[in-house]
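# Chain and residue survey
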Amino acid sequence: MNPEAEASARWFCLRSQPKHEHIAAAQRAKEPDIEAYLPRIRFRRPTRQGPKWFTETLFPNYLFARFELATRHRQVKNSHGVRDVVHFGERWPAVPNPAIDELRAAISGDPIHVLNEELPAGEVVQIAGGVFHGLKCGRDACVQRTVASLSVAGISRKPDPAGSVRRLTALQHRAPS
């Protein structure tokens, strides 16, 4: 990015075409006065053939780009893979630099953040579905509550902790109390 463009460039959120976030980010990387950031995560998911690794964007259909809105808006908006620059009427809100820096720090600064499959005992988790959706607690306490609820309901199977809870993001992570 040249010094004049760098001084007036700000971060904006771009809406991409479905499943084209990586294409839009690659196109932005080719532009000299545009910086793109596409946070992605890699994780294991159970499939019929067994657990498989998947890579997905952290924010489906969205990516971030740093550019000068007055001179590059039309070019960015009409580029391959981009549907539009997120706006509200005639206002295009900029994403603050500290928000992008914090996001980069939260996912280790790597282009693809690998989520650890194992949830250590006592880690703070949040139930991702069902009756307890949204419940935050230590991993073992959540599993014990789920087992107790299933036994009260007459179901005698033990749930898979990794399948029934999801890790809180690093921005929300805190020690169990």
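Parameters at a glance
- Sequence order sets the numbering: in each chain, residues are counted from 1 along the sequence as written.
- Predicted model: local features are reported for residues with pLDDT of at least 70 only, side-chain atom pairs are reported and counted for 80 or more only, and whole-chain, interface and lining totals are derived from all residues.
- Calculated side-chain values reflect all of the structure's heavy atoms, with hydrogen atoms and water omitted.
- Among buried residues, those of type Ala, Val, Leu, Ile, Met, Phe, Trp, Tyr and Cys that are joined through side-chain atoms within 4.5 Å constitute a nonpolar core.
- Residue burial is assigned from relative accessible area. The probe radius is 1.4 Å, only protein chains are included, and a residue is buried under 20% of its type maximum, exposed over 50%, and partly exposed in between.
- To qualify as a helix, a DSSP run of H or I must reach at least 4 residues; to qualify as a strand, a run of E must reach at least 2; elements of each kind are numbered from the N terminus.
- Any two residues having at least one pair of non-hydrogen atoms within 4.5 Å are treated as being in contact.
- In short, DSSP must find at least two bridges between two strands for them to pair.
- Orientation is described by lines fitted to C-alpha atoms, with helices fitted over the stretch in contact, and by angles between N-to-C directions that extend from 0 to 180 degrees.
- Basic side-chain nitrogens of Lys or Arg form a salt bridge, by our definition, when they fall within 4 Å of a carboxyl oxygen of Asp or Glu.
- Only rings of Phe, Tyr and Trp enter the pairing, Trp through its six-membered ring, and a pair is recorded when the two centres are within 6.5 Å. The plane angle decides the type: under 30 degrees is stacked, over 60 is edge-to-face, the rest tilted.

## Some details on the nonpolar core
- In this structure, Phe12, Leu14, Ala24, Ala25, Ile34, Leu38, Leu63, Ala65, Phe67, Val76, Val82 and Val85 together form the largest nonpolar core, which totals 12 residues.
- Contributions of two or more residues to this core are made by strand E1 (10-16), helix H2 (21-30), strand E5 (62-67) and strand E6 (82-85).
- For this core, the element with the highest residue contribution is E5, accounting for three residues.
- For Val85, the contacting residues outside a window of four places in its chain are Phe12, Cys13, Leu14, Phe67, His73, Val76 and Trp92.

## Examining the sheet that holds strand E2 (residues 35-37)
- A sheet is described by the order of its strands in space; here four strands give the open sequence E2-E5-E1-E6, paired in antiparallel fashion. What marks the edges here is a single partner per strand, and that holds for E2 and E6. Between one strand axis and the next, the sheet turns by 35° as a mean value, whatever way the strands run.
- Sheet topology note: the E1/E6 ladder contains three bridges and is antiparallel. For Ser16, the partnering residue across the bridge sits in E6 and is Val82.
- Against the sheet, H2 engages E1, E2, E5 and E6, with an angle of about 10° to E5.

## Comments concerning the pairing of strand E3 (residues 40-45)
- With six bridges connecting them, E3 and strand E4 (residues 52-57) associate as antiparallel partners. Opposite Arg40, over in E4, you have Thr57 as the bridge partner.
- When E3 meets strand E7 (residues 112-114), the two strands line up parallel, connected through three bridges. In the sheet register, Arg40 faces E7, and the bridge partner there is Ile112.

## So, unusual backbone geometry
- Of note in this structure, Lys19 is not a glycine but carries a positive phi near 60°.
- Structurally, Lys19 is set in the loop between E1 and H2.
- The backbone of Asn61 sits at a positive phi, close to 75°, despite the residue not being glycine.

## Structural notes on the pattern of salt bridges
- Considering all chains together, one arrives at four salt bridges under this definition.
- A salt bridge links Asp33 to Arg72; the shortest N-O distance between them is 2.9 Å. Taken together, the residues span a long stretch of sequence, with Asp33 in the loop between H2 and E2 and Arg72 in helix H3 (residues 69-77) at a distance of 39 residues.
- For Asp33, a relative accessible area of 14% puts it in the buried group.
- For Arg72, a relative accessible area of 17% translates into the label buried.

## Comments concerning the packing of aromatic side chains
- Scanning the model with the defined rule gives four aromatic pairs in all.
- Ring centres of Phe12 and Phe67 lie 5.1 Å apart, and the angle between their planes is 40°; this geometry places the pair in the tilted category. With Phe12 in strand E1 and Phe67 in strand E5, this pair connects stretches of sequence that are 55 residues apart. There is no split in this pair, since Phe12 and Phe67 are both buried.
- Aromatic pair Phe43 and Phe54: ring centres 6.3 Å apart, planes at 25°, arrangement stacked. In this pair, Phe43 is assigned in strand E3 and Phe54 in strand E4, connecting sequence segments 11 residues apart.
- With a relative accessible area of 14%, Phe43 lands in the buried category.
- According to the relative accessible area criterion, Phe54 is partly exposed, its value standing at 26%.
- Joined through ring pairs, the aromatic side chains of Tyr37, Phe59 and Phe64 make up one cluster.

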